[in-house]
Amino acid sequence: ADGSRNLSLDSIPMGLPMSDPTAWTTAMNNLGMAPMGMTGQPLLPDFDPALGMMTGIPPINPMMPGLGIVPPPIPPDMPAVKEIIHCKSCTLFPPNPHLPPPATRERPPGCKTVFVGGLPENATEQIIMEVFEQCGEVIAIRKSKKNFCHIRFAEEFIVDKALYLSGYRIRLGSSTDKKDTGRLHVDFAQARDDLYEWECKQRMLAREERHRRRLVEERFRPPSPPPVVHYSDHECSIVAEKLKDDTKFSEAVQTLLTWIDRGEVNRRTANNFYSMIQSANSHIRRLVNEKATHEKEMEEAKEKFKLALSGILVQFEQIVAVYHSASKQKAWDHFTKAQRKNISVWCKQAEEIRNIHNDELMGIRREEEMEMSDEEIEDPAEMKETEESALVSQVEALKEENDSLRWQLDAYRNEVELLKQEQGKASRDEDTTKEQQLKLLQQALQGMQQHLLKVQDEYKKREAELEKVREDKLKIETLLETLKEQESSTSRICACSQEKECPAEKMLSNSPVKSEREALLVGIISTFLHVHPFGASIEYICSYLQRLDSKICTTEVEVLMTRLHHTFKQELSGVGASLEKRWKFCGFDELKMT
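Residues numbered from 1 in each chain as written. Predicted model: local features only at pLDDT ≥ 70, side-chain atom pairs only at ≥ 80, totals over all residues. Heavy atoms only, no water.

Turning next to the overall build of the protein chain. Broken down by element type, the protein chain carries 19 helices and ten strands. Out of the 594 residues in the protein chain, the part that is buried amounts to 27%. Taking as baseline every contact in the protein chain between residues at least 6 positions apart, the subset at least 24 positions apart corresponds to 64%. With the model as given, the accessible surface of the protein chain reaches about 40,800 Å², and the carbon-plus-sulfur share is 56%. (Helix = DSSP H or I, 4+ residues; strand = E, 2+ residues; numbered from the N terminus. Buried < 20%, exposed > 50% of the residue type's maximum accessible area, 1.4 Å probe, protein only. Contact = heavy atoms within 4.5 Å. Areas by Shrake-Rupley, 256 points an atom, 1.4 Å probe, with all protein chains shown as cover.)

Judged by nonpolar contacts, the single largest core of 31 residues is most densely connected at L92, V116, F132, I151, F153 and L165. Those elements that place two or more of their residues in this core are β2 (90–93), β3 (113–117), α3 (125–132), β4 (138–143), β5 (148–153), α4 (157–163), β6 (169–172) and β8 (185–188). Ranked by residues supplied to this core, first place goes to α4 with five residues. When neighbours within four sequence positions are excluded, I151 is seen to be in contact with K112, T113, V114, V116, I128, F132, V138, A140 and I141. V522, A536, I538 and L560 belong to the second-largest nonpolar core, a separate cluster that totals 18 residues. (Core = buried A, V, L, I, M, F, W, Y, C linked by side-chain atoms within 4.5 Å.)

Adjacent strands of a sheet pair through backbone hydrogen bonds, lying either parallel or antiparallel. A sheet is described by the order of its strands in space; here four strands give the open sequence β4-β5-β3-β8, paired in antiparallel fashion. The sheet is open, and its two edges are formed by β4 and β8, each paired on a single side. Within this sheet the neighbouring strands show an average axis-to-axis angle of 20°, counted without direction. Where β3 and β8 come together, four bridges link them in antiparallel fashion. Each bridged residue has a counterpart across the sheet, and for V114 the counterpart in β8 is F188. Sheet strands touched by α3: β3, β4, β5 and β8. Its angle to β4, the strand with the most contacts, is close to 140°. (Pairing = 2+ DSSP bridges. Axes fitted to C-alpha atoms, helices over the stretch in contact; angles between N-to-C directions.)

Next up on the list: the side chain of E130. For E130, the position within the fold is in helix α3. For the buried residue E130, which engages in no salt bridge, the nearest side chain bearing the opposite charge is K88, 6.9 Å off. Polar side-chain contacts of E130 include one of 2.4 Å to the backbone nitrogen of K88. (Lys, Arg positive; Asp, Glu negative; His and termini not counted. Salt bridge = Lys/Arg side-chain N within 4 Å of Asp/Glu carboxyl O. Polar contact = N/O pair within 3.5 Å; in protein donor to acceptor, adjacent residues only side chain to side chain.)

Let us now look at the sheet that holds β2. Taken together, four strands build an open sheet; the order of strands is β1-β2-β6-β7 and the sheet is antiparallel. In this open sheet, the two strands that pair with only one neighbour each are β1 (85–86) and β7 (181–183).

The subject of this paragraph is the packing of aromatic side chains. Within this structure, the stated rule accounts for seven aromatic pairs. With centroids separated by 6.4 Å and ring planes inclined at 45°, the aromatic side chains of Y164 and Y168 adopt a geometry described as tilted. As far as the burial class goes, Y164 and Y168 line up, both buried. Three or more aromatic residues joined by ring pairs form one cluster here, namely Y231, W259 and F273. Sitting over the face of the ring of Y164, K82 holds its NZ or CZ atom 5.0 Å from the ring centroid. Across from the ring centre of F249, 5.9 Å away, lies the NZ or CZ of R286, which sits over that ring. (Phe/Tyr/Trp six-rings, centres within 6.5 Å; stacked < 30°, edge-to-face > 60°. Lys NZ or Arg CZ within 6 Å of the ring centre and 35° of its normal.)

Looking at the protein chain, pLDDT values average 78 and 79% of them are 70 or higher. Low pLDDT (under 50) marks residues 1–21, which in the prediction has 58 contacts with non-local residues, meaning those over four places away or in another chain. (pLDDT = per-residue confidence, 0-100.)

Right, let's get into a negative patch on the surface. A surface patch of negative charge is lined by E295, E299, E367 and E371. Within the residue set of the negative patch, elements represented by two or more residues are α9 (283–326) and α11 (337–376). Locating E299 in the fold gives a position in helix α9. E299 sits in the partly exposed class, given a relative accessible area of 42%. (Patch = residues over 30% accessible without salt bridge, like charges linked within 9 Å, V, L, I, M, F, W, Y side chains within 5 Å. Charge placed at Lys NZ, Arg CZ, Asp CG, Glu CD.)

Okay, the pairing of β6 next. The alternating pattern of β6 places I170 and L172 on a buried face, while none of R169 and R171, on the opposite face, is buried. In this sheet, β6 lies alongside β2 in antiparallel orientation, the contact comprising four bridges. Across the sheet, F93 pairs through a bridge with R169, a residue of β6. As paired elements, β6 and β7 share three bridges and run antiparallel to each other. Residue R171 lies in a different strand from β7, and its bridge partner there is T181.

Across five bridges, β4 lies against β5 in antiparallel orientation. Its bridge partner lying in β5, R142 is registered against H150. Counted between consecutive antiparallel strands, the loop separating β4 from β5 contains four residues.

Let us now look at the environment of E351. Its place among the elements puts E351 in helix α11. As for E351 and Y323, which are separated by 28 residues in sequence, their C-alpha atoms are 10.0 Å apart. Not counting chain neighbours up to four residues away, the residues in contact with E351 comprise V320 and H324.

The next point concerns the UniProt feature "coiled-coil region" (unreviewed entry) in the protein chain. Feature annotation in UniProt assigns "coiled-coil region" (unreviewed entry) to the following positions: residues 277–304 and 381–486. Along residues 277–304 the backbone is 96% helical and 0% strand, and the end-to-end C-alpha distance reaches 41 Å. (UniProt positions renumbered as here; feature names shortened; annotations may be inferred.)

Enumeration over the complete set of coordinates arrives at 20 salt bridges. When the shortest N-O distance is used, the salt bridge between R354 and E317 registers 3.4 Å. Of this pair, R354 sits in helix α11 while E317 sits in helix α9, placing them 37 residues apart in sequence. Its relative accessible area of 17% is what places R354 among the buried residues. We classify E317 as partly exposed; its relative accessible area is 39%. The partner of E465 in a salt bridge is R462, and the shortest N-O contact between them spans 3.8 Å. With E465 and R462 both in helix α13 (residues 431–490) and three residues apart, the pair spans about one turn of that helix. When its relative accessible area of 38% is taken as the criterion, E465 is described as partly exposed.

In structure tokens:
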């Protein structure tokens, strides 16, 4: 076999007697082994295992035994010459080379055992050991009473060498009796020990592979984030100090968020958490200022880019003027054909690049003009709306202040309840100090209640002022309508001509939608509220619109929606502190009613 040719048996000395050294040398050469003498010395000192003694045999690559790697067998069309092998107690005669090779079964995994059939009846285990020991180390021989046995070798590659002896005729000594002759048939055998060892080896390889993959996964696994400490008064003070520091703000906010999610907020720790939340809220102004500085830097960069682009355009104009002056009759006649061609090509390229840069600069200027025009176009009605929106914003600020005072009042009440609960458990010596604390807290509560009453009074006054402003606005609108009716009666002819020329402008003036921008906002808001059938707050709507245009403010959107009361309606949901205003789209309901 090819594996038997590719394997060297230098580690197995073979000191068997030979009657024909030449035949033994030829057989060993066909096996790919260095020929050995009786004393274990090589018969050919210059023998090269990489070269074969016969033509047509490929070069040999010796492999170390014991690795469990079995090379593929020799193809059947490969020519192989087998010679007579003489042993101490028997002689092996090769089969007819013209006969087909003996058939073998499929090789079992991890096969180290062979079946040997066709043995002479008088063959003993010593004779079998003498024949097959030259292939390699034999572990066990199980001989049957019939003419066959099973031989188990130490390694898998020795099985391929034993298969080489399949087909040989064996004769014991010089006897010609039938009991002393036979034809060897060597084939793979399936043994439980071989399968068990092979499975153990595969499991060991699988364990090594899993261990190697686990090491690779652990090497490339990202490091886990540091654990968040548990809540305590000491850790709370540390986090509160970190929240005041801009560099450690993100880490402290993450810890605060984890504590709130864990449910660390209770009556005892509510004030600490409120102070930490208040510290986190104080960073909003810093973030807004940072955003403003970045926007300012962006505007300055735009101005620098515009100035640099205008300077480049001036230089392009100068270069194009040079090309045009060179193309005139005075200078053009003095240039050669190649020079004229180059000048014309250069002129075209410069003009194309100049036009591209000029279009870019004009686009920037056009955008700036559009932004300026949007800011300058303001109607007097919009001025009134801004005043009304300012009042509304003041009322909202007072509401927020009122809510915050209520929350503080609830916190003080919780503290009073805690003090009352602890009062029964404490000793009599501490009663006086607790009474003083209760008095102080009661005084603080009275002051907070008085302040709350003042805020409520101011809130009522602001509401009355807002109602007055709305009544004045209604009066002004009625006066404007009467004036328009008088003007329409005096100038019907002009109105008819104006209606023919610009009917769209008239529709816009009579409609509650003042401009194309407001009409676009109404369409976007209607589509947004149509997707949200249960309504949405004004902050939610403005956050969606500010993605499209960052200049949109909540007061402008709220005034526009209150003006279109047939299209949008406002509903209040919740009770007490959970009171919430929601806007809904009611255009379809109004159409059904009309």
